[in-house]
Amino acid sequence: IDKVLGVGGFGITYKAYCVELDKNIKRKYYYAIKEYFQKGCWRDKDNMKVCYADTFKADFEEGFEDFKSEASKLLSMAGRSRNIVPVNECFQMNNTIYYVMEYLNGEDLEKAVPKGEGIPEAKALSLLVPVVKAVKLLHDNKNGDRIMHLDIKPDNIVLHQDSISEETYPVLIDFGAAMRFDKEGKPKTRKANIQGTTGFAPPEQFQPIEQFDARIDVYALGGTLFKMLTSETPPPASDILEDEEMLEDIMGKHNVSKQ
């Protein structure tokens, strides 16, 4: 393990590496590893094994199964879209579960948007449209469960530079808030309210999600585009409901076309 990349309510993501021999030459390869580690857990004396109270067992085991299903779905998506972070392994260890992803070496869209300026419209669309198509794949019910990401935002889109082609393209990451739904649109993930990030979450996301609704992720994609074009975080959904001209006023200030 090289370092911690991020910590959330349901897990910790690490940057990790392995050293392999190519005949007599050593090569170092980097990965990202996500560990299921809920709030309320702690480490054993070995600083590795994950522990939890008996009263927390049911919650831990439910989350464990959700995490396992999340890994399985992402593993099944590998190769279908380069714009979804690829997963190549899932394993259990230290009384918890992990999955291994490609390590993405670029900056996220949040850092890529110039402050006070935004990104030109053509470039913004060229970056976001591939992510839109990737989200459509997640929403598709032709190959089993549907997935709603539920936390799409510039921080969760990495501009990854491919080490072979050197091409840079956007990759959607962080499925910690994601929910799975069956073909009929009924939730299969047992999670409390997933409220997302203010400015990128619609009003419907602040209520229990009891049915698949692609519009929740679509709203977040719209909020992401808004941030890319204006460099401003979208106002909370409740504020927009009270003042429908608010978004147009901000976009007009940044000379964003109505198209």
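See the structure above.
A brief structural summary.

The rules behind each value
- Residues numbered from 1 in each chain as written.
- Predicted model: local features only at pLDDT ≥ 70, side-chain atom pairs only at ≥ 80, totals over all residues.
- Heavy atoms only, no water.
- Helix = DSSP H or I, 4+ residues; strand = E, 2+ residues; numbered from the N terminus.
- Rg over C-alpha atoms; globule rule 2.2 N^0.38 Å.
- Buried < 20%, exposed > 50% of the residue type's maximum accessible area, 1.4 Å probe, protein only.
- Core = buried A, V, L, I, M, F, W, Y, C linked by side-chain atoms within 4.5 Å.
- Contact = heavy atoms within 4.5 Å.
- Pairing = 2+ DSSP bridges.
- Axes fitted to C-alpha atoms, helices over the stretch in contact; angles between N-to-C directions.
- Expected span 1.5 Å × (residues − 1).
- Salt bridge = Lys/Arg side-chain N within 4 Å of Asp/Glu carboxyl O.

**Things to note about the overall build of the protein chain**
Regarding its fold elements, the protein chain presents six helices and eleven strands. Relative to the 2.2 N^0.38 estimate, which gives 18 Å for 259 residues, the radius of gyration of the protein chain is 20 Å and therefore close to what a compact globule would have. Considering only C-alpha atoms, the protein chain reaches an extent of 55 × 50 × 35 Å along its principal axes. Taking all 259 residues of the protein chain together, the buried fraction comes to 43%.

**Things to note about the nonpolar core**
If you look at the biggest cluster of nonpolar residues, it comprises 46 residues, and the most contacted ones within it are Phe60, Ile84, Tyr99, Leu138, Leu172, Phe175 and Met228. Mapped by element, the contributors of at least two residues to this core are β2 (11-22), β3 (25-36), α1 (57-77), β7 (96-102), α3 (121-139), β9 (157-161), β10 (168-172) and α4 (215-230). If one sorts the elements of this core by residue count, α3 sits on top with seven residues. When sequence neighbours within four positions are dropped, the list of residues in contact with Leu172 reads Asn83, Ile84, Val85, Val135, Leu138, His149, Ile152, Asn156 and Ile157. Formed by nine residues, the second largest nonpolar core is a distinct cluster that contains Ala177, Met179, Ile209 and Ile216.

**Things to note about the side chain of His139**
By the element assignment, His139 lies in helix α3. With sequence-adjacent residues up to four places away left out, His139 is seen in contact with Arg146, Ile147, Met148, Phe212, Ala214 and Asp217.

**With respect to the environment of Asn88**
Looking at the element boundaries, Asn88 is found in strand β6 (residues 87-93). Separated by 82 residues in sequence, Asn88 and Gly6 place their C-alpha atoms 20 Å apart. Apart from residues no more than four positions distant in its own chain, Asn88 is found in contact with Tyr31, Leu75 and Val100.

**Observations concerning the pairing of β2**
Bridge count between strand β1 (residues 3-7) and β2: four bridges; the pairing is antiparallel. Paired with Lys3 across the two strands is Lys15, which belongs to β2. The hairpin turn running from β1 into β2, its antiparallel successor, is three residues long. Sheet analysis places β2 next to β3, joined by twelve bridges and oriented antiparallel. What sits directly across from Ile12, in β3, is Glu35.

**Focus: the sheet that holds β2**
A sheet is described by the order of its strands in space; here five strands give the open sequence β1-β2-β3-β7-β6, paired in antiparallel fashion. Bordering the open sheet on either side are β1 and β6, each of which pairs with just one other strand. Sheet twist, expressed as the average angle between the axes of neighbouring strands with direction ignored, equals 30°. Against the sheet, α1 engages β3, β6 and β7, with an angle of about 25° to β7.

**Considering α3**
The end-to-end C-alpha distance of α3, which contains 19 residues, comes to 26 Å, matching closely the 27 Å that a straight helix rising 1.5 Å per residue would cover. Looking at the packing, one finds that the buried side of α3 touches α1, α2 (109-112), β8 (146-148), β9, β10 and α4.

**Let's talk about the pattern of salt bridges**
The tally for this structure, following the rule as stated, stands at 13 salt bridges. Between Asp22 and Arg27 there is a salt bridge, with the nearest N and O atoms lying 3.1 Å from each other. A relative accessible area of 36% means that Asp22 is categorised as partly exposed. Connected through shared salt-bridge partners, Asp145, Arg180 and Lys188 make up one network.

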